[in-house]
Amino acid sequence: MIDDVVKDARTRMNKSIEALKGELSKIRTGRAHVSVLDHIHVEYYGSEVPLSQVAKLSAEDARTLSVTPWEKDMVGKIEKAIMTSDLGLNPSSAGTVIRIPMPPLTEERRRELGKVVRHEGENAKIAIRNIRRDANSDFKAFLKEKEISEDDERRGEEMVQKLTDECVAEVDRIVAQKEKELMEV
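> Would you explain the packing of aromatic side chains in this entry?
For any two aromatic rings, the description comes down to two numbers: the centre-to-centre distance and the angle of the planes. This structure, assessed with the given rule, holds one aromatic pair. For the ring pair Tyr44 and Tyr45, a centre distance of 4.7 Å and an interplane angle of 70 degrees mean the geometry is edge-to-face.

> Would you mind going over the pattern of salt bridges with me for this structure?
Pairing between side chains becomes possible if they bear opposite charge and their charged atoms approach one another. Counted by the stated rule, this structure contains 16 salt bridges. Residue Glu18 pairs with Lys21 through a salt bridge whose shortest N-O separation is 3.6 Å. Of the two residues, Glu18 and Lys21 both sit in helix α1 (residues 2-26), three residues apart, roughly one turn of that helix. Of the charged contacts in the structure, one is a salt bridge between Glu181 and Lys178, with a shortest N-O distance of 3.8 Å. One end of the pair, Glu181, and the other, Lys178, are both in helix α4 (residues 150-183), three residues apart, so they sit about a helical turn from each other. One continuous salt-bridge network, built from bridges that share partners, spans Asp8, Arg12, Arg133 and Asp134.

> Looking at this structure, I do not really get the packing of helix α3 (residues 107-144) against α4. What am I missing?
When two helices pack together, their arrangement is given by the angle between their axes and by how far apart the axes lie. Running from amino to carboxyl end, α3 crosses α4 at an angle of 170 degrees, the nearest separation of the two axes being 10 Å. Accordingly, the angle class assigned to the pair α3 and α4 is roughly antiparallel. Broken down by class, the residue content of the contact of α3 with α4 amounts to 14 nonpolar, six polar and 13 charged.

> Looking at this model, I keep getting lost on helix α2 (residues 75-84). Mind explaining?
One turn of the α-helix equals 3.6 residues, which is why residues spaced by three or four share an orientation. For α2, the complete set of buried residues consists of Val75, Ile78, Glu79, Ala81 and Ile82. Relative to the axis of α2, the buried residues are bounded by an arc of 165 degrees and lie together on one face. Exposed positions of α2 whose direction lies more than 90 degrees from the buried face are Lys80 and Thr84. Those residues of α2 that are buried lie in contact with β1 (41-44), β3 (55-61), β4 (64-69), β5 (92-94) and β6 (97-101).

Rules and cut-offs
- Residues numbered from 1 in each chain as written.
- Predicted model: local features only at pLDDT ≥ 70, side-chain atom pairs only at ≥ 80, totals over all residues.
- Heavy atoms only, no water.
- Phe/Tyr/Trp six-rings, centres within 6.5 Å; stacked < 30°, edge-to-face > 60°.
- Salt bridge = Lys/Arg side-chain N within 4 Å of Asp/Glu carboxyl O.
- Helix = DSSP H or I, 4+ residues; strand = E, 2+ residues; numbered from the N terminus.
- Axes fitted to C-alpha atoms, helices over the stretch in contact; angles between N-to-C directions.
- Parallel < 35°, antiparallel > 145°, perpendicular 65-115°, else oblique.
- Nonpolar A, V, L, I, M, F, W, Y, C, P; charged D, E, K, R; others polar.
- Buried < 20%, exposed > 50% of the residue type's maximum accessible area, 1.4 Å probe, protein only.
- Arc of directions from axis to C-beta.
- Contact = heavy atoms within 4.5 Å.

That is the geometry; function is a separate question.
This is how it looks when you write it as structure tokens:
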């Protein structure tokens, strides 16, 4: 019973860490990476679809992304979707290939992105702490129902706390790594 609660907490905490990694991959560093375009959607035959489903995305070099649409008539729509996104990018098309130069990050912009990274890390820590709270309340409920002893409850809480500490340390490591990446010129 205790092991089930701890196992569930571990699974949920790992999902929080994976969600953090996903959010941080969208924050661009100095290098061009196709994950920057992940959240862009394009109108395709009446429905909004992710850019990756209507075109081939690739990084030409450290400062340029290229988008090659599967259909020639999608070039204009893709260009418009990239321009109207919140990324501040200016694509240019050469026939059927759209090239997106990535402007270098200014020092001020790097600091702003650092704040965003820390904020995302804090959100992940809050999610992990909430999972710990849920697990501890499960232990208290089991104790109240006399399904476990007080010693078992204490042991379960210690296991969940140890797991929480590990996950929070992992979040701190991920955030520090991303901040270091952002500050590289």
